[in-house]
Every structure is written in structure tokens, then in C-alpha cells.
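Structural features, examined
The residues making up each chain are set out below.
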Amino acid sequence: MLIKRRPASGKEHQEIILAINNQTAFYNRDNLSRTNAYLNYYLQHQDIQWAFLASMVSRNAGWNMCDLEGDLFADLLSANFRSRLFLTYERANWLIFQDAYPQLLLYHYSTKIGEPLFHLLRNFHVSSFMEKEWMLYWHHQDLQRLMTSLIINEQNVIQRPVIEYGVYREKVFGTLLFSLQDWFHFSVVLFPTIYGELYGASVHGFKNISNRIELGKALATVLFSNEHYADFLEFALKTEHTGSRHDYERYIPFKHNRKTPMLRLTFPLVRHHRHQFEDWSNSTAIKSQWYKRDKGITMQHSLTEWYFSKQEQLQLAHACKNVLLRFFSTNKNR
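Residues numbered from 1 in each chain as written. Predicted model: local features only at pLDDT ≥ 70, side-chain atom pairs only at ≥ 80, totals over all residues. Heavy atoms only, no water.

With that settled, consider the overall build of the protein. Broken down by element type, the protein carries 14 helices and 3 strands. Counting every position in the protein, which comprises 334 residues, the buried fraction comes to 53%. A separation threshold of at least 6 residues defines the contact pool for the protein, and within that pool the share at least 24 residues apart is 74%. Just so you have it, the protein exposes about 16400 Å², and 54% of that area is on carbon and sulfur atoms. (Helix = DSSP H or I, 4+ residues; strand = E, 2+ residues; numbered from the N terminus. Buried < 20%, exposed > 50% of the residue type's maximum accessible area, 1.4 Å probe, protein only. Contact = heavy atoms within 4.5 Å. Areas by Shrake-Rupley, 256 points an atom, 1.4 Å probe, with all protein chains shown as cover.)

Here it is as C-alpha cells:
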């Protein structure tokens, strides 16, 4: 870190706040810009491992979004449900970026001037929990604790505004279709390689915040494993994120790949607003289990075979639906 000869002035603080607000707004436009911003930040600050995790999870969100208008889900799911599910993905990812990216940039500016600026986090409505955690990291450089703290924070950030919020709770998470999430693999996160292999983890009980935190910890374990980290980073650096599953399916020698469109050719930009700002850590107790080692997560060394099997199941469901539609249409016209 650079040593600052004099403390930053109030004017410099205001300039930093303005710069962070501008950069956050610029990169928080859609899934593609967020994914790239996380990755580029990680390449500058590789001690902040959460940024790479966020980029890879964000890729998955983009693929899930584009699946909704692909050749299978466009027939299997109603237009209204697909629209609501897209907005759920978009809202959650927008909220996380809006909260997390100012934190990352404040750390960046802190390293540049050689003094911690984390007291400025309150200007971005970031939790007091994370202000404390960033100070701990500044003094002790505990990479694992910071990673876990950021996972805990992001899941709490979306718990009330998305998971428990009226329209999302009733029209998405409370539906029978979402209860079939394991079948539709809404809660599976994949980390591809350019060698045609897929790794990752899944979670049961997605609405439960502790389960999602455990998923985040499991994903971090997979992503930064000695065996595969270099392969995942190689994929991220060599593969442009478009939102289409072709991003990684092109590396897989599989004949029946799904056809999913590119995100920016499919969805419009969504204008988001935050009318209420709540420090979740003022009303939520930090559970000791959140900092413990991963447990209760379904994690496999490789998900490549699972992916092939899932493709076949979805293709079969799609074919069955078309057969039934033709059958009822024929009998109706007799």
C-alpha cells in the first residue's frame, strides 16, 4: 500500500464519493456490465476474491435470464412468469451491485491514498456490519473472513427487498413453478472451463438466507480450489459474457445444445429505484454458523454429466408438452 503523507481532506472525500456514484451507476446498467466490472476489479485487486466470485455468479444470472427466452423455457413457462422471473434476477443483481461496488471502489481508493476510507460507506447506505468488516480486513488481511462477510452481506441485502417483498414473494417464490426449482435448476451455479468441463454447487431451500450463504461459501471453495482456479480464470479471461449459454456450450462436445439468445438482443435496460434504505445489520443478528465451514450443500466435483442429463430432461419435457398440445388441438377440432 502507498503511504499517505497527509490525511485526505473533506473536499477529496466528496470527490471520491462523486466518482464512486458515477462509476457505480455506469456499470450497474445490466448483467453484462456488472459481470465485466466485477472481473476487471478482481484483476486489479486479486486479494478481494469475492469480486471474482461475484463475476462468475453474475454470469450464471445472465445465462438464467436468457434461458427464459430460449428454445425450451419460452414454451415451458408462461410469458408472465418468465417476465417476473427476469425482473427478480435483475432486481436482486442490481441491488447487490449497488451495495457492493461502492465497497470495492472505496477499498481501491483507500489503497491508493494509504488510509482507510470505510467511514464513507454510510454515504452509499452500506451496512455498518460491512464498515466494521472492511476495517478488520484493512488491519488483519484475513481474506477468508472478508469473503464470507461479503457473502453474508449480499444475501441480507436482497432478503427483504426481493426474497420477502410482496410481489416477488407471491408471484415468484411462492409459486408452484418455483417450488420445482431443483428440476429447472434455478438454484444451480456452474463454473465452466474451456476444456468442456462444468463444476459448481447447488442449494435446497433457496428462500432461506442461511442456505444461500452456505451456497456462496461452497461456491467460493470450488472457485478457488487449487485444482481448478486457473481453469476458471482462463475461461473468464478468454470468454466474452453475452448471456447466451453458447458462451460455454461451444466448448462442450454435445450435439443437443440449447439455443439461448444474447442478453442485449433480448432484454431492455431496466430502470431501478430504491425508495427505502435500511441497514439490515441493525435488526438482524449475525449467526455464528455463517462463519463456519461449509455444510449442508450439495456439491459435486464435476457437474458435466449432470448438465447433459438435465438437457435431456428439459428436451423431453418440451417434446411431451408439444405432443399434448397437438393431441388436445386435434381432438378439439374433431
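Let's shift gears to the packing of aromatic side chains. Per the counting criterion, the structure on display carries 23 aromatic pairs. Members of the aromatic cluster, each reached through a chain of ring pairs, are Phe26, Tyr27, Tyr38, Trp50, Phe97 and Tyr101. The side chain of Arg29 reaches across the aromatic face of Phe26, ending 4.3 Å from its centre. A cation over a ring is seen here: Arg145 above Tyr291, with NZ or CZ 4.4 Å from the ring centre. (Phe/Tyr/Trp six-rings, centres within 6.5 Å; stacked < 30°, edge-to-face > 60°. Lys NZ or Arg CZ within 6 Å of the ring centre and 35° of its normal.)

Before going further, it helps to examine the environment of Ala61. With respect to the helices, strands and loops of the structure, Ala61 is situated in helix H3 (residues 49-67). Apart from residues lying up to four places away in sequence, Ala61 is in contact with Asn31 and Asn93.

Here we take up helix H11 (residues 209-223). Helical periodicity: at 3.6 residues per turn, an α-helix aligns residues three or four positions apart in one direction. Between its first and last C-alpha, H11 extends 21 Å over 15 residues, near the 21 Å set by a 1.5 Å rise per residue. In terms of burial, H11 is a largely internal element, 13 of the 15 residues being buried. The N-terminus of H11 is capped by Asn208, whose side-chain oxygen sits 2.9 Å from the backbone nitrogen of Ser210. (Expected span 1.5 Å × (residues − 1). Polar contact = N/O pair within 3.5 Å; in protein donor to acceptor, adjacent residues only side chain to side chain.)

Attention now goes to the pairing of strand S1 (residues 188-192). For S1, a buried count of 5 out of 5 residues is recorded, marking the element as mostly surrounded by other parts of the structure. With burial as the criterion, each face of S1 is covered, one bearing Val188, Leu190 and Pro192 and the other bearing Val189 and Phe191. Bridging between S1 and strand S2 (residues 198-202) involves 5 bridges; their strand directions are antiparallel. Considered in S2, the bridge of Val189 is made with Ala201. Hairpin connection of S1 to S2: 5 residues between the antiparallel strands, including Gly196 at a positive phi of 80°. (Pairing = 2+ DSSP bridges.)

Two elements in contact, H3 and helix H12 (residues 229-238), have axes whose closest approach is 12 Å; the angle formed by their N-to-C orientations is 60°. Taken together, the axis directions place H3 and H12 in an arrangement best described as oblique. The element H3 and its partner H12 pack so that their crossing is left-handed. Residue-level inspection shows Phe52, Met56, Arg59 and Trp63 of H3 in contact with H12, the latter providing Tyr229, Phe232, Leu233, Phe235 and Ala236. Here the contact of H3 with H12 is built from residues that sort into 8 nonpolar, no polar and 1 charged. (Axes fitted to C-alpha atoms, helices over the stretch in contact; angles between N-to-C directions. Parallel < 35°, antiparallel > 145°, perpendicular 65-115°, else oblique. Left-handed = near helix turned anticlockwise from the far one by under 90°. Nonpolar A, V, L, I, M, F, W, Y, C, P; charged D, E, K, R; others polar.)

Take it as geometry only, folks, not as evidence of what the structure does.
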